[in-house]
Amino acid sequence: MAIHGFMLVLARAMAVLGGIVLTALVLLTCVSVLGRGINSFLHWDPIATFMPAVSGWLLERGVGPVWGDYELVEAGIAFAIFAFIPLCQITAGHATVDIFTAYLPKRANRVIQMIVDIVFAAVLILIAWRLFEGMMSKKQYNETTFLLQFPIWWAYLISLIASVVAALVGVYMAVVRIAEFLTMRTIVQAAEVDH
C-alpha cells in the first residue's frame, strides 16, 4: 500500500514537527517564567537596597520575561495540536470508550468506526476551510499581534498547513474504513506505527 506508507510518513513527519514546536514552546515558557521570577527578585526591596548596582545592571540588560511569549505560545500551540492529529488518526490512537461496543458484532463496530471516521474527516475539512477564511480575513485587514506586531495571518497559515494535512489523513482514513466495511476485511490495523 504505497498510499498508506506515504500517509504514515506524512503523519509521522507532522508529529515530529509538532513535537519540535511544542518543545520549543515549553523552553520558551520556562525561560520567560524564570526571567519574570528573576525580574521580580531584582525589584524586591532588600535586593534593590543592598545590591543596587547588580540589580540595576541586570535590569538594564533586560532580565525579565520573554517579550510576546503569550503571542508565540498561542500561535505555536494551535499548530502543534493540528500537527499531532494525523498520526493519532492513522494509528487509531484516539481515546475510545468501548464498554457498550465491545459486545456488538464485528460488522456493527465497523459501521460505527466508519461513521466516526467520516464525521471526523468532515470536521477536519470544515476546520481547515474556516482557518483559510480566517487567515484571508486577517491578511486583508493587516491585523497584527499586540506586542510583537507580527501579522496574525502567519499563525493562521501554520495552523492551516497542519490542519490540511490532518484533513487529508482524515479523509484517507474515512475511505479506508468505508472499504473495510464494504469488503469486511481489515486494511489498516490500529496502532500501526512500526511499518
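Residues numbered from 1 in each chain as written. Predicted model: local features only at pLDDT ≥ 70, side-chain atom pairs only at ≥ 80, totals over all residues. Heavy atoms only, no water.

A.B. asks: Just checking my understanding: could you explain the pattern of salt bridges for this structure?
C.D. replies: Oppositely charged side chains may form a pair once their charged atoms are brought near each other. Under the definition given, this model contains five salt bridges. Close ionic contact of Arg177 with Glu180 constitutes a salt bridge, the shortest N to O distance being 2.8 Å. Linking Arg177 with Glu180, this pair stays in helix α6 (residues 152-183), spanning three residues, or about one helical turn. Accessibility expressed as a relative area gives 5% for Glu180, which makes it buried. Put simply, Asp117, Arg177 and Glu180 are held in one network by salt bridges that share partners. (Salt bridge = Lys/Arg side-chain N within 4 Å of Asp/Glu carboxyl O. Helix = DSSP H or I, 4+ residues; strand = E, 2+ residues; numbered from the N terminus. Buried < 20%, exposed > 50% of the residue type's maximum accessible area, 1.4 Å probe, protein only.)

A.B. asks: How should the packing of helix α1 (residues 2-43) against helix α4 (residues 69-90) be read in this particular structure?
C.D. replies: In the contact formed by α1 and α4, the axes pass within 7 Å of each other and the chain directions differ by 155°. By the criterion of interaxial angle, the relationship of α1 to α4 is roughly antiparallel. Both α1 and α4 take part in a crossing whose hand is left-handed. Of the residues in the contact of α1 with α4, the class split is 21 nonpolar, six polar and three charged. (Axes fitted to C-alpha atoms, helices over the stretch in contact; angles between N-to-C directions. Parallel < 35°, antiparallel > 145°, perpendicular 65-115°, else oblique. Left-handed = near helix turned anticlockwise from the far one by under 90°. Nonpolar A, V, L, I, M, F, W, Y, C, P; charged D, E, K, R; others polar.)

A.B. asks: Hey, could you run me through the side chain of Glu180 in this one?
C.D. replies: In terms of polar contacts, Glu180 uses its side chain to reach the backbone amide nitrogen of Val188, at 2.9 Å. Setting aside its immediate chain neighbours within four residues, Glu180 contacts Arg110, Arg185, Thr186, Ile187 and Val188. (Polar contact = N/O pair within 3.5 Å; in protein donor to acceptor, adjacent residues only side chain to side chain. Contact = heavy atoms within 4.5 Å.)

A.B. asks: Explain helix α5 (residues 106-140) to me, please; I cannot follow it from the model alone.
C.D. replies: Owing to its 3.6 residues per turn, the α-helix aligns residues three or four sequence positions apart on the same side. Counted at 1.5 Å a residue, the expected span for α5 with its 35 residues is 51 Å, and the 51 Å between its end C-alpha atoms agrees. Taken together, the buried residues of α5 touch α4 and α6. Backbone geometry just downstream of α5 places Asn142 in the positive-phi region, at approximately 50°. (Expected span 1.5 Å × (residues − 1).)

A.B. asks: Honestly, a nonpolar patch on the surface in this entry has me stumped. Any pointers?
C.D. replies: A cluster of nonpolar residues, Leu22, Val26, Ile77, Ile81 and Phe84, forms a patch on the protein surface that exposes about 370 Å² of accessible area. Contributions of two or more residues to the nonpolar patch are made by α1 and α4. The element best represented in the nonpolar patch is α4, accounting for three residues. Here Val26 is to be found in helix α1. (Patch = residues over 30% accessible without salt bridge, like charges linked within 9 Å, V, L, I, M, F, W, Y side chains within 5 Å. Areas by Shrake-Rupley, 256 points an atom, 1.4 Å probe, with all protein chains shown as cover.)

A.B. asks: Looking at this model, I keep getting lost on the packing of aromatic side chains. Mind explaining?
C.D. replies: To describe a pair of aromatic rings, you give the distance between the ring centres and the angle between the ring planes. Enumeration over the complete set of coordinates arrives at two aromatic pairs. Ring geometry for Phe41 against Trp44: centres 5.9 Å apart, planes inclined by 35°, an arrangement best described as tilted. Aromatic side chains Phe150 and Trp154 sit 6.1 Å apart centroid to centroid with 10° between the ring planes, which places their arrangement in the stacked category. Phe150 sits in the buried class, given a relative accessible area of 14%. When its relative accessible area of 45% is taken as the criterion, Trp154 is described as partly exposed. Taking the ring centre of Trp129 as reference, the NZ or CZ of Arg130 above it sits at 4.7 Å. Between Lys139 and the ring centre of Trp153, over which it is positioned, the NZ or CZ distance is 4.6 Å. (Phe/Tyr/Trp six-rings, centres within 6.5 Å; stacked < 30°, edge-to-face > 60°. Lys NZ or Arg CZ within 6 Å of the ring centre and 35° of its normal.)

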